[in-house]
Amino acid sequence: MYLFLAFLLVPIIEIALFIQVGGLIGLWPTLAIVVLTAVLGTALVRTQGRMALANLQRSFAELDDPTEPLAHGAMILLSGVLLLTPGFFTDAVGFALLVPGIRVAVFRYLKSKVTITQFQMGNGAQFRSGPAPFEQDDVIDGDFTEVRPRQDPSKPSKWVEGP
């Protein structure tokens, strides 16, 4: 339902803002602002994306939890998509996601809503929260019996109608 509301409300907000800003400053300055924010946003996303990739590589090299660098990279990617989308509302959200403090706040909020059941990386660095379905040392033992068909396999079964 939230996705439906986003796809419904965002274009309505963008149209309303285009009408308001266009009426205030005119058509050509409005279009120039939209193009300028796309170009500026692309440059900012490129530089911040490189930094996020470097942080991710560092976390892998040090065997740290890569969750936060991955989340920052995803938010930077989302901000790039929003900045390339024409509109003032999407540009505002896109530029907001380029601010590291806002990304940290969004990450903390999302982290409080997600429960991690198990995280394992490297040779045994492990984080576990909550009950796991099976431990490493659990053994499941079982027996089986092979069941042979009761009738000749060349004859059709009762489920198939013959000629």
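Our structure's up above, just so we're on the same page.
Rules used throughout
Residues numbered from 1 in each chain as written. Predicted model: local features only at pLDDT ≥ 70, side-chain atom pairs only at ≥ 80, totals over all residues. Heavy atoms only, no water. Axes fitted to C-alpha atoms, helices over the stretch in contact; angles between N-to-C directions. Helix = DSSP H or I, 4+ residues; strand = E, 2+ residues; numbered from the N terminus. Parallel < 35°, antiparallel > 145°, perpendicular 65-115°, else oblique. Left-handed = near helix turned anticlockwise from the far one by under 90°. Contact = heavy atoms within 4.5 Å. Nonpolar A, V, L, I, M, F, W, Y, C, P; charged D, E, K, R; others polar. Patch = residues over 30% accessible without salt bridge, like charges linked within 9 Å, V, L, I, M, F, W, Y side chains within 5 Å. Areas by Shrake-Rupley, 256 points an atom, 1.4 Å probe, with all protein chains shown as cover. Salt bridge = Lys/Arg side-chain N within 4 Å of Asp/Glu carboxyl O. Buried < 20%, exposed > 50% of the residue type's maximum accessible area, 1.4 Å probe, protein only. Lys, Arg positive; Asp, Glu negative; His and termini not counted. Polar contact = N/O pair within 3.5 Å; in protein donor to acceptor, adjacent residues only side chain to side chain.

1. Quick notes on the packing of helix H3 (residues 67-84) against helix H4 (residues 88-97)
- Viewed as axis vectors pointing N to C, H3 and H4 meet at an angle of 155°, and their least axial separation amounts to 8 Å. Considering the angle they form, H3 stands roughly antiparallel to H4. Crossing geometry of H3 relative to H4 is assigned as left-handed. Of the residues in H4, those touching H3 at Met75, Leu78, Ser79, Leu82 and Leu83 are Thr90, Asp91, Val93, Gly94, Phe95 and Leu97.
- Taken together, the residues that form the contact of H3 with H4 break down as 7 nonpolar, 3 polar and 1 charged.

2. Observations concerning a nonpolar patch on the surface
- Taken together, the side chains of Met1, Tyr2, Phe4, Leu5, Leu8, Leu9, Ile12, Ile13, Leu17, Phe89 and Val93 define a hydrophobic patch exposed on the protein surface, amounting to about 1,100 Å² of accessible area.
- Secondary-structure elements contributing two or more residues to the nonpolar patch are helix H1 (2-25) and H4.
- With respect to the secondary-structure elements, Phe4 resides in helix H1.
- Its relative accessible area of 52% is what places Phe4 among the exposed residues.

3. Points about the pattern of salt bridges
- Enumeration according to the criterion identifies 2 salt bridges in this entry.
- Across the pair Arg58 and Glu62 runs a salt bridge whose closest N-O atoms are separated by 3.2 Å.
- With relative accessibility at 38%, the residue Arg58 sits in the partly exposed group.
- Salt bridges linked by common partners bring Arg58, Glu62 and Asp64 together as one network.

4. What about the side chain of Glu14?
- Structurally, the position occupied by Glu14 is in helix H1.
- No salt bridge is formed by the buried Glu14, whose closest oppositely charged neighbour, Arg103, lies at an N-O distance of 19 Å.
- Within the local environment of Glu14, its side chain forms a polar contact with the backbone nitrogen of Phe88, the two atoms lying 2.7 Å apart.
- Those residues in contact with Glu14, other than ones at most four positions away along the chain, are Pro86, Gly87, Phe88, Phe89 and Thr90.

5. Considering the side chain of Gln48
- Note that Gln48 resides in helix H2 (residues 27-61).
- Owing to a relative accessible area of 13%, Gln48 belongs among the buried residues under this scheme.

6. Topic: the environment of Arg103
- Here Arg103 lies in helix H5 (residues 100-113).
- Sequence-wise, Arg103 and His72 are 31 residues apart; in three dimensions their C-alpha atoms are separated by 6.5 Å.
- Contact partners of Arg103, with chain neighbours within four places excluded, come to Gln48, His72, Met75, Ile76, Leu97 and Leu98.
- Looking at Arg103, its side chain comes within polar contact range of the side chain of His72, at 2.9 Å.
- Engagement of the side chain of Arg103 in a polar contact is seen with the backbone oxygen of Leu98, the distance being 3.2 Å.

7. Here's the deal with unusual backbone geometry
- Despite not being glycine, Leu63 has its phi angle at roughly 55°, a positive value.
- Looking at Leu63, the relative accessible area reads 47%, which means it is partly exposed.

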